[in-house]
Amino acid sequence: DVCPNRANIAVAVPGKRQRQIVHVDGMCNECGNCATFCPYESRPYRDKFTLFWSREDFDSSENEGWLPAPGENSGCLVRLDGQVREYQVEDSGCGLPGDLRLLILAVQDHYGYLLRKSNMLRLSGGAPYLRGRRLRGRDGHKAAVEAGA
């Protein structure tokens, strides 16, 4: 990992042999180190599927990626091929390509520390997406998310 901000995270996705790289927009200052030293023809800060922490950042970027949505379901706003749509990723028939759906689910289920609840998108004025869920942190311990926080 050559990112001084640790903005490119290797995520284990069930059914995949190799970890998949997720770019976390809120941790990136676009220094270009990942592009300069990437062992592949890639600029991870531009080319990798991106997790966004705020609607403002999502709207001001051209990166393909997702913004977790509020509610008790697994909704998210996704930019893919220049189109923005809302998906319910728990639903295997939601229309999102399977590999991306599994990647988003892996992040939400096993890398919850990457999600910033306070900046979640509010599509319908509902509660933030993470409220009441249990997350597993980097250290492997479960942490309850405070209701109403």
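Up top is the structure these notes are about.
Criteria and thresholds
Residues numbered from 1 in each chain as written. Predicted model: local features only at pLDDT ≥ 70, side-chain atom pairs only at ≥ 80, totals over all residues. Heavy atoms only, no water. Core = buried A, V, L, I, M, F, W, Y, C linked by side-chain atoms within 4.5 Å. Buried < 20%, exposed > 50% of the residue type's maximum accessible area, 1.4 Å probe, protein only. Helix = DSSP H or I, 4+ residues; strand = E, 2+ residues; numbered from the N terminus. Contact = heavy atoms within 4.5 Å. Polar contact = N/O pair within 3.5 Å; in protein donor to acceptor, adjacent residues only side chain to side chain. Pairing = 2+ DSSP bridges.

A. Highlighting the nonpolar core. By size, the foremost hydrophobic cluster in this structure holds 25 residues, and its most contacted members are Val11, Leu51, Trp66, Val78, Leu96 and Val107. Those elements giving two or more residues to this core turn out to be strand E1 (8-11), strand E2 (20-24), strand E5 (75-80) and helix H4 (98-110). Top contributing element to this core by residue count: H4, with 6 residues. Dropping the residues within four chain positions of it, Leu96 is found in contact with Val78, Leu80, Tyr87, Val89, Arg101 and Ile104.

B. Molecular detail of the side chain of Asn8. Within the secondary structure layout, Asn8 lies in strand E1. For Asn8, a relative accessible area of 11% gives the class buried. Looking at Asn8, its side chain comes within polar contact range of the side chain of His23, at 2.9 Å.

C. Molecular detail of the sheet that holds strand E6 (residues 83-88). What the 6 strands build is an open sheet, ordered E1-E2-E3-E4-E5-E6; its pairing is mixed. Edge positions in the sheet fall to E1 and E6, since each of these pairs with one other strand and no more.

D. Highlighting the pairing of strand E4 (residues 65-68). Neither face of E4 is left uncovered, since the one carrying Gly65 and Leu67 and the one carrying Trp66 and Pro68 both have all their residues buried. Sheet analysis places strand E3 (residues 50-51) next to E4, joined by 2 bridges and oriented parallel. The residue of E4 that forms the bridge with Leu51 is Trp66. Both E4 and E5 contribute to a ladder of 4 bridges, which runs antiparallel. Paired with Pro68 across the bridge in E5 is Cys76.

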